Every structure is written in C-alpha cells, then in structure tokens.
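Residue-level structure breakdown
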Protein chains: 2
Amino acid sequence: MTSSSQLARPLRIGLIGAGTVGGGVYEIIMNRLGGGGGSSSSNTTAGQSSSSPSNNHHRSANLHPVITKICVRDASKPRTFHIDPTHTQIVTDVASIINDTDIDLVVEVAGGTTFAKDAVYASLKMGKSVVTANKALIAENLDELIGLIHDVNTKNGVKFGYEASVCGGIPIIHTLSGGCYKGDIINEIMGICNGTTNYMLGKMEEGVDYNEVLKEAQALGFAEADPTADVEGHDVRAKISILAKLSFGTTVPVHTIPCMGITNVSVIDFAYAKSMGCTIKLIGTATRKSQFGEHDGALSVYVSPKLVPNDHPLASATGCGNAVVVNSANLGTALYTGPGAGRYPTANSIVADIMRVADSTCPSAPFPLSSSIEIDNDYESAFYIRISFQDGLGIVRKVGEVAESMGMSIHSILQQPITDRMAADTVVTTEACKLSQVQEFCNRIEKEDFVLCPPVFMPMIPEY
Amino acid sequence: MTSSSQLARPLRIGLIGAGTVGGGVYEIIMNRLGGGGGSSSSNTTAGQSSSSPSNNHHRSANLHPVITKICVRDASKPRTFHIDPTHTQIVTDVASIINDTDIDLVVEVAGGTTFAKDAVYASLKMGKSVVTANKALIAENLDELIGLIHDVNTKNGVKFGYEASVCGGIPIIHTLSGGCYKGDIINEIMGICNGTTNYMLGKMEEGVDYNEVLKEAQALGFAEADPTADVEGHDVRAKISILAKLSFGTTVPVHTIPCMGITNVSVIDFAYAKSMGCTIKLIGTATRKSQFGEHDGALSVYVSPKLVPNDHPLASATGCGNAVVVNSANLGTALYTGPGAGRYPTANSIVADIMRVADSTCPSAPFPLSSSIEIDNDYESAFYIRISFQDGLGIVRKVGEVAESMGMSIHSILQQPITDRMAADTVVTTEACKLSQVQEFCNRIEKEDFVLCPPVFMPMIPEY
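Residues numbered from 1 in each chain as written. Chains lettered and ligands numbered in written order. Predicted model: local features only at pLDDT ≥ 70, side-chain atom pairs only at ≥ 80, totals over all residues. Heavy atoms only, no water.

Let me state the cut-off plainly: UniProt positions are given in the numbering used here, feature names are shortened, and annotations may be inferred rather than shown by experiment.
Naming follows an unreviewed UniProt entry, where chain A appears as Homoserine dehydrogenase of Discostella pseudostelligera. Annotation of chain A in UniProt includes, under Sequence similarities (unreviewed entry), the sentence "Belongs to the homoserine dehydrogenase family." In the Catalytic activity (unreviewed entry) part of its UniProt record, chain A is described as follows: "L-homoserine + NADP(+) = L-aspartate 4-semialdehyde + NADPH + H(+)".

**Brief notes about the pairing of strand β5 (residues 129-132) of chain A**
All names here are of chain A. This is how it is decided: Three labels apply to residues, based on accessible area from a 1.4 Å probe with only protein chains included: buried if under 20% of the type maximum, exposed if over 50%, partly exposed otherwise in between. Elements are defined by DSSP. Helices are runs of H or I of four residues or more, strands are runs of E of two residues or more, and each kind is numbered from the N terminus. Pairing between strands is defined by DSSP: at least two bridges between the two strands are required.
Taking every second residue as pointing to the same face, both faces of β5 are buried, with Ser129 and Val131 on one and Val130 and Thr132 on the other. Both β5 and strand β6 (residues 160-161) contribute to a ladder of two bridges, which runs parallel. Opposite Val130, over in β6, you have Phe160 as the bridge partner.

**Describing the interface of chain A and chain B**
Spelled out, the test is: Residue contacts follow a heavy-atom distance rule, with two residues in contact if any of their heavy atoms lie within 4.5 Å. We define buried area as the total accessible area lost by two parts upon association, computed with a 1.4 Å probe and summed across both. Should a side-chain nitrogen of Lys or Arg be within 4 Å of a carboxyl oxygen of Asp or Glu, the pair is scored as a salt bridge. Whenever a nitrogen or oxygen atom comes within 3.5 Å of another N or O atom, the pair is scored as a polar contact, on the condition that within protein one atom can donate a hydrogen and the other can accept it, and that pairs from neighbouring residues in sequence are kept only if both atoms are in side chains. Side-chain classes are defined by residue name, with Ala, Val, Leu, Ile, Met, Phe, Trp, Tyr, Cys and Pro counting as nonpolar, Asp, Glu, Lys and Arg as charged, and the others, Gly among them, as polar.
Taken together, the contact pairs 69 residues of chain A with 68 residues of chain B. Taking both partners together, chain A and chain B bury about 5400 Å²; carbon and sulfur atoms supply 52% of that area. With its nearest N and O atoms 3.9 Å apart, the salt bridge here joins Asp184 of chain A to Arg32 of chain B. For the interface between chain A and chain B, the tally reads 15 residue pairs in polar contact (both at pLDDT 80 or more). Looking at the side of chain A that touches chain B, the elements that each hand over two or more residues are α2 (20-32), α7 (172-177), β7 (186-192), α11 (234-248), β10 (322-328), β11 (332-338) and α13 (343-358) of chain A. Per element, the largest residue contribution to the side of chain A that touches chain B is seven residues, and it comes from α13 of chain A. The residue makeup of the side of chain A that touches chain B, split by class, is 25 nonpolar, 35 polar and nine charged. Sheet analysis places β11 of chain A next to strand β11 (residues 332-338) of chain B, joined by three bridges and oriented antiparallel. From the neighbouring strand, Thr337 of chain A faces β11 of chain B, where its bridge partner is Leu335 of chain B.

**Quick notes on the domain arrangement of chain A**
All names here are of chain A. Short version of the rule: For each domain, the first and last residues come from an automatic or database assignment.
As far as domains go, chain A holds domain 1 (4-169), domain 2 (172-339) and domain 3 (380-460). Relative placement of domain 2 and domain 3: their C-alpha centres are 24 Å apart. Taken together, the contacts link 18 residues of domain 2 with 17 residues of domain 3. Buried area between domain 2 and domain 3, summed over both chains or domains, comes out near 1400 Å², and the portion from carbon and sulfur atoms is 69%. Linking domain 2 with domain 3 are one salt bridge, by the criterion used here. Its salt-bridge partner being Asp269, residue Arg386 comes within 2.5 Å of it at the nearest N-O pair. Connecting domain 2 to domain 3 are four residue pairs in polar contact (both at pLDDT 80 or more).

**A short note on the UniProt feature "domain: ACT" (unreviewed entry) in chain A**
Those places that UniProt annotates as "domain: ACT" (unreviewed entry) correspond, in this numbering, to residues 384-459 of chain A. From the first C-alpha to the last, residues 384-459 of chain A spans 6 Å; its make-up is 30% helix and 32% strand.

**Here's the deal with the pattern of salt bridges**
Scanning the model with the defined rule gives 36 salt bridges over all chains in all. The shortest N-O distance in the salt bridge between Glu163 of chain A and Arg356 of chain A comes to 3.7 Å. Placement of the pair is Glu163 of chain A in the loop between β6 and α7 and Arg356 of chain A in helix α13, with a sequence separation of 193 residues. Lys182 of chain B is paired through a salt bridge with Asp359 of chain A; the nearest N and O atoms lie 2.6 Å apart.

**Considering the confidence of the model for chain A**
All names here are of chain A. Spelled out, the test is: By definition, pLDDT measures how confident the predictor is in each residue, and it falls between 0 and 100.
Confidence along chain A averages 90 in pLDDT terms, with 92% of residues attaining 70 or more. Considering only residues more than four positions removed or in separate chains, one finds that residues 38-61, a stretch of pLDDT under 50, has 70 contacts. Across the whole predicted complex the pTM is 0.91, and at the interface the ipTM reaches 0.89.

**Let's talk about unusual backbone geometry**
Residue and element names in this part refer to chain B. With phi around 50°, Cys167 is a residue other than glycine that occupies positive phi space. In this fold, Cys167 is placed in the loop between β6 (160-161) and α7 (172-177). Residues other than glycine seldom take positive phi values, yet His295 does so here, at roughly 55°. Counting through the fold element by element, His295 comes out in the loop between β8 (278-288) and β9 (299-309). For His295, a relative accessible area of 15% puts it in the buried group.

**Some words on the sheet that holds strand β4 (residues 105-108) of chain A**
Residue and element names in this part refer to chain A. With parallel pairing, the six strands of this open sheet are ordered in space as β3-β2-β1-β4-β5-β6. Strands at the two margins of the open sheet, each flanked by one partner only, are β3 (89-91) and β6. For β4 and β5, the ladder comprises four bridges, and the chain directions are parallel. From the neighbouring strand, Leu105 faces β5, where its bridge partner is Ser129.

**Notes on the relation of the copies chain A and chain B**
Stated formally: Alignment of copies: least-squares fit on C-alpha atoms of residues with pLDDT of at least 70 in both copies.
The transform that puts chain A on chain B rotates by 180° and translates by 0.0 Å along the axis, for an RMSD of 0.0 Å. Taken together, the turn and the small shift mark the pair as related by a two-fold rotation axis. By residue overlap, the copies meet face to face through one surface: 99% of the interface positions of chain A are interface positions in chain B.

**Remarks on helix α14 (residues 395-405) of chain B**
Side chains that are three or four residues apart share a direction in an α-helix, a result of its 3.6 residues per turn. Residue and element names in this part refer to chain B. Quick note on the threshold: The arc in question is traced by the directions running from the helix axis to the C-beta atoms.
Here α14 has its buried residues at Ile395, Val399, Val402 and Ala403. The buried residues of α14 occupy an angular sector of 100° when projected down its axis, which confines them to one face. Exposed residues on α14 whose side chains face more than 90 degrees from its buried face are Arg397 and Glu404. Turning to α14, the residues buried within the fold contact β12 (380-389), β13 (410-414), β14 (424-430) and α15 (435-446).

**Section: the packing of helix α4 (residues 115-125) of chain B against helix α6 (residues 142-156) of chain B**
Residues and elements named next belong to chain B. Test applied: For every element, the axis is a line fit to its C-alpha atoms; helices are fit only across the contacting stretch, and the angle between N-to-C directions ranges from 0 to 180 degrees. Reported orientations rely on four angle classes, namely roughly parallel under 35 degrees, roughly antiparallel over 145, roughly perpendicular from 65 to 115, and oblique for the rest.
Packing of α4 against α6 brings their axes to within 9 Å, and their N-to-C directions diverge by 25°. With respect to each other, α4 and α6 are oriented roughly parallel. For the pair α4 and α6, the contacting residues are Lys117, Tyr121, Leu124 and Lys125 in the first and Glu144, Leu145, Leu148, Ile149 and Val152 in the second. Considered class by class, the residues forming the contact of α4 with α6 number six nonpolar, no polar and three charged.

**Quick notes on the sheet that holds strand β2 (residues 66-71) of chain B**
All names here are of chain B. Pairing is parallel in the open sheet, where six strands are placed in the order β3-β2-β1-β4-β5-β6. Edge positions in the sheet fall to β3 (89-91) and β6, since each has one partner strand and no second. Of the strands in this sheet, β1 (12-16) and β2 are in contact with helix α2 (residues 20-32), which crosses β2 at around 160°.

**Side note on the packing of aromatic side chains**
Rule in force here: Two rings from Phe, Tyr or Trp (for Trp, the six-membered ring) form a pair when their centres are within 6.5 Å of each other. A pair whose planes differ by under 30 degrees is stacked, one over 60 is edge-to-face, and the rest are tilted.
Considering all chains together, one arrives at 14 aromatic pairs over all chains under this definition. Considering the side-chain rings of Tyr26 of chain B and Phe81 of chain B, the 5.6 Å spacing of their centres and the 45° angle between planes classify their relative orientation as tilted. With Tyr26 of chain B in helix α2 and Phe81 of chain B in the loop between β2 and β3, the pair connects residues that are 55 residues apart, well separated along the chain. A relative accessible area of 1% means that Tyr26 of chain B is categorised as buried. By relative accessible area, Phe81 of chain B is classed as buried at 7%. Taken together, the ring pairs in this structure connect Tyr302, Tyr379, Phe383 and Phe457 of chain A into an aromatic cluster.

In structure tokens:
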C-alpha cells in the first residue's frame, strides 16, 4: 500500500522512444525528480521554470524513479536532450528492455500500432507495468488490452497508465478512472482533443484559407508532414472511444464511429456560423439518447466539426488548447481545459502515471466500468447544411421538397449576399434529425443539376 | 490492494449530519449505488437524472457501501429525503457511531469546528476512515490533523477524504493530491471557491446594490442568515489554505492570511472595472514571488476581490459557478470549472471519496507535500484604489504627493463623470507594489480632509 514498501529500491524504468515526449519524460524524471541522483536538479531545463532548490519539495515521499534504458532506432542520432550515461544505457533492441528483469516499468512513447503494440503486450506479459501515450494502440485493441491487463494485474499487480493518451496535460483519465464520477451518471462527454486542428480552425475563423493554414501549421511543427490523422479526425476518434469507455463502460469499435474531419470546412462556414452567434470546433462526442427519461437510451459516439455557441464552455478553447466538457446528473456541466499536447504537458501526464505506479495509487482496473448499453451511432442533432449552387429559380422550393419528402424539418434557410451567381452558397439548418437522414438529404440534393458539389453538413450544439 | 479483499463485507458507513448534503449522500449511496439493496435503484431521485436499469453500470466492482447509522440533533425533525429503517438507524448520540466497531467509515457533514472536530478526531482514533466536507475544520487544524492521520494510517491504514471541502463537484483535491502535478512545479493557484459571493458579484455587475442582492441571495437560499463566512471571505480563506498546502507543501496558518471580502465592493467599482476591460471576482490566491528566477521566491497566500480581465479564464465562472486556475512549469495554465457547491455536487465529491476508500485508491497521505518555502503574505500586485472625495482643487496633486513619498508608482488615474461634487470618486491604479504600501497609502489619503471614507483597494490580475 505505502510507497515505502514499494521503494526498497528505486522504480526502474525502460523508455521506448526518445522523441519530443520521451525527452520531456527523461528530463523531468532524471533532472527535476532527481532520478539522476538529484545533483542536477537545480539546473533542470524541464518546463519553463527554473528549479531552484526551494522547489524540491516536489520531490516527495522518497520517490526517485530512474530511467535505466532508452530504446531508440538509431543510437547515433543527435538528441534534443542530454542522456546521462552513468544512469542510462541507450539500446536499439527493445528486447533488452522487455527481458531486463531489473526493469519494473516500461514507458512507450514510440507511437504506432505494430511495433509499439508488440512491445506493450510483451512488457505486460513479462510482469512490467506500462505507461503509454498511444491512443491509437489503446483504442484499436481496447477489450483485448483490458483482458490482458486484468490477467497480469491479478497475477502480479501490474499496472497500466495512459493519462497522456487523451488531452495530455488535462487529468481527464485520472478524473474518470479515479472514481470522481462513481456516484454519478454521465449523460454526455464532449472533447476538443486535437490541438493541431483547433489551431487551424482558429486561423480559418480569422479568414485564412484551409490549405494556407495547413502549410503554416506544418511549418510551425503543429501538423505532421502527413496530417491525415489530425485533419481527418482519426486522432480524435481514438480519444473519444477511450473517453466513451471510461464514461459509459461501453466499448465502441473505432471503425464503427462516424468520423468527419475538418477538410471540408471552409472560411465561408465561419461567416455563417458567426451570423448564428457560433464558432466551429472539431469535437469528439459520446452521448446517450433519451428513451424513457433524459439520457437513458442508446449511446452515440461520433467525431465531427460542430457549430458551437460562443457562450458554450467549449468555445473557450483557443489556439492549440484542449477542452473536455462532462455533463452528469450530479454535477451538471464540468469543464476541464489545458494545453492538451506538447512536450512537457504530455510528459507531465506520463510522469504522473509513473509516480502513481510508484506509490501504488494507480487504479488496478484502468477501465473500471463495463456495461451493456446499446450503441447507436446514427446520432441525433440539429444540423447545419451548406449547399453550393449556381443561382437560379426554384432552388429553395426544391430543397424544401426533398426535406419534406424525407420528413426532415427545416429550421431556417440562411443566405450570405451572392457575389457570384455561378457559385453561390445557401445554408439550411434543421430541427433535430438523424445523421442518416442528413446524409440521404445531401445525397439527393447533390443530384440536382444546380448543385455544384456535395453539401457540407455539421451538427449544431444547442444554445448554452 | 484490490476491492475484493476490502469488500468481503460491504463498507459500513456512519453519517453525521442529515442536512442538504447529508441527504444527497444518503440518496446516492443507498439508492443509485444500491447500498439499500439496489431494489430501489431504478427509482432513485438522486440528481436530475432518472436512473433506468441501463444506468446501473455505474454500480461497479461489487461495491455496495451501506449507511447503517445517521446521527442527527433531533430525530423527530422531518427530512427532505427518505431514510430506510431496514438498513439505517437514526441516532442522536454521536458516540453510538464512533464506538460502533461495525462501522468502517464516518462521513462528517455536520459542519462547525467544535462538535465536528471531536467527532472526526475520535473516529480516526477509533480506526475509522473519515470523509468530510468541513474546510474550516481542516484549515484550522491542518498540521495537527495531518499528524493524526499519519499515525492512524500507519497503524491501521485509516484513510481521510476531503474532496468536498473545496469546490465540491470540481475534483481539484483529487487532481492535486493524486499525483497529477508530481513531476511539475506549481507557480500559482487561484480559485473562485465561493458560489454565494460569485452569484452576488454577478448581480452587482448588472447594477444591483450590495444590500439588495444579499437579501435576494438569502431569499434564494444561496446565502446564510448570517452571511459573514461568505461575504467576509472566511470560507475562501479556509479553502485557499488547503489548496496552498496541496500545491506548495506549506502550511499557512489561517489567521495569518490577509482576507478581504466583498462588503466594500460597490456597483461603481464594476463601472470602473468595465472601463478597463475587467470584471470583479472574489479570489483566493496562493502564489510564489520571484527571487532568482520566476516564481522561486516566498509564498504569498491571500483572499481578496480582484479585477479580472474579461478574457482571463477566471472571468468565465458565472452565477454560483466555481473555477480554479493552476499555473505550472509543465502545463502553463490549466482551468477546472464546475458547480462548486449545492446538494448533489458536494454529495458527489463525498461519494467519490467513499468509493476510493472502498477500493483502496484513496492516497495514504492526503497532503503528500511538505516544504520549507518561506511565507510572505505581504503580497505584490498592481492595485486598483478607489477614493471617494468632495470635489475640490489639488486632489490629484495630493494623491500624487503621497504616492511619491512612499515610492509607490501610479499607473493611471481614472475619473467617471462627476454627478455630485459633494460625493465623487476617482480611481488610482498602481504599478506592482506591496499590500503594506497600498494599506499605508490608503491610511494617509484617508486623513486628507477632502476624503469622505476609507479608500477601497483591490489587486488586479494582469492582462491574460
């Protein structure tokens, strides 16, 4: 139970991956927390703060974890951080970490779902605790991983920490898995979980074109050379599937989650959104439909850009910031915001998990809930639909006809001043309807000869 | 370690106090979580949500704590909730809970620092874990309590939960004591921790006079008949002393914390604040001064109304809402917001603590940090100073003279249009200076014959 019993000797860590986050973890553990002996803790470079001796109260409860091995692809490659050879051995063969009986805990920050998966599974099977930031690995193998963790935990108390996998820097996993909602009933959880796209949307709101802002984000290092995982919403999809499991106990297979990224969002959509007192954010949503009472029906999980009222808590996440809103029976609305990503925020979450393994406060069951709540990802919402067309007669009538024929009720039709009669836009907002209805509506409208391209649709968050 | 070992039999709870919060705790434990056998869990009244069977996944890991006794002052008094006599005995003698060897955990929601203190201490000494919402009790006896908890925990693993004592509904204690910042260095923590005064200030911003809004808050049940603890800032003072201990490891005796409430704030201050792009919030602050580097000097803890820029995260807490902002080396700014108070939010935090005691994830050390950081509550800030005077000649010169003679540098002098030459206001804003300087400045200015009453001063949060 107590840390003393755990730490007759220091917790020994094997670090797999020495990139941005790995470097941050190394600096915090070895410098600030004194894993390197503490002598260098007065000139740590971790974070933005100088760490004068008077800060060392943060080195608490005699916990001095130490990183004994780092596994990298290329040992000769220069690093952005100093690796202390007296404490840490650089290796290129992951087996030399997995098979090292002296290593208690493996930190996986290599990324990917093949090599990383093998390393994580093998480490757990070898009786080592694992801390990872790998949301894709967790989301794609959720039930299998939970089963494996349960087995190794029962056998020899092995722990699994993954705070850094969702909104690094925001302790949302700790909050959801740590019992804060055990006496509560969560109705809905929504997250802005991807700093890159949040930054891009913020720039588009200022009028910068999508392709231009993508280039800028790549130049700044916010976006990858291949930005697919971010801009197509795959990163958010993995994260919301993890938050859905923690909030509702239901495993929603990642490939079944409707996922729309930001590639179809254009500057004109922000103009229409503004006219409605809204902004646009890429949001992962897990929400229960209403059946007998409020939020007691099937669970819907989806990723999509959404129209967010300017006074809604989620509108407050700007730049690369992340935000998570939880709506529950006891608390109503709770908001958690923070940096969400970056070297030290993500490293901070990994170190927090390491320290909880060290002092045995890391929960035995990383995903405590399980349930048989029905899944229905054909979610319901009011929708925003933008139709690009060549100006002509009878367009509104046609739009109305198609909507009516499908029993889809229109809330309003908006029209920014037409500047080019050959390429105009109109926006239809709907009353609450199903995703499948909107998709069908768009398919039919697209076939009309006056329509220039597939309509763009987004769910709308109601007035706050 | 695992819940199964803990729960060969259900966790038995003695509840001291059956008021608003106690009733919420009883409903959640006995109805929703099935402590009453679960039969009634499908018609729980807890929270706003109906609890259909499909919600029962929240009754996880075979945890069925049960409240076996409730201690009340008057057993005949009608309750706002149903007490099930088959499971729960109503008692009026607290000893019958403390001495009941069948009771594992005592929940104290009676409040106060005399009877409640005796009950909490006695329960701990009897080897019972304690969960309490009593911030005054904790703050006034912090080191003594920590010592006692350490002893009983070492002897027999007794735990102490107090999530509900600060910002009930916001898991800030869980976040700070649960290791989320163990690899980080906290520079500053600021909290809007009192829903009553936040509601009142919001109304005053709309132009409602202090005395009027106080009456309204009392009528609505937001404010007590004796509102002193809220409006004089004593409630926030207790809470910020707890957050300071968790953030910096330093015990700051409550009576040494400079504490100013909202009784001197007037509608005119909001007019001046607005002209500076600010609002006014009652804020508990614990911050480190800068010595060699940033935030590496002495710790200052204080309670005061503050001018908050409208784009600062703390400005987002409206109505009775609470908000906590943590500034740290790894994360920069993180914001946690939630209801902060009320029956179910506070009860939710108590139940979360109970469940963490039940599954042994409650930290052994509720206050994990200790440090020898110097305390200097003569804090530094830019200040807002409002001077009420009879209009006349040479006032600005006199104000300038006094400031200059004290080496206090003036940033600006603001003047709303004068409507009554016999009772006018002017506002002086200062560059960064010490609390003691501003107090001395106000003492001297007050002696000038043109000054009508003691000047009102508030620290200002810099532009965000």
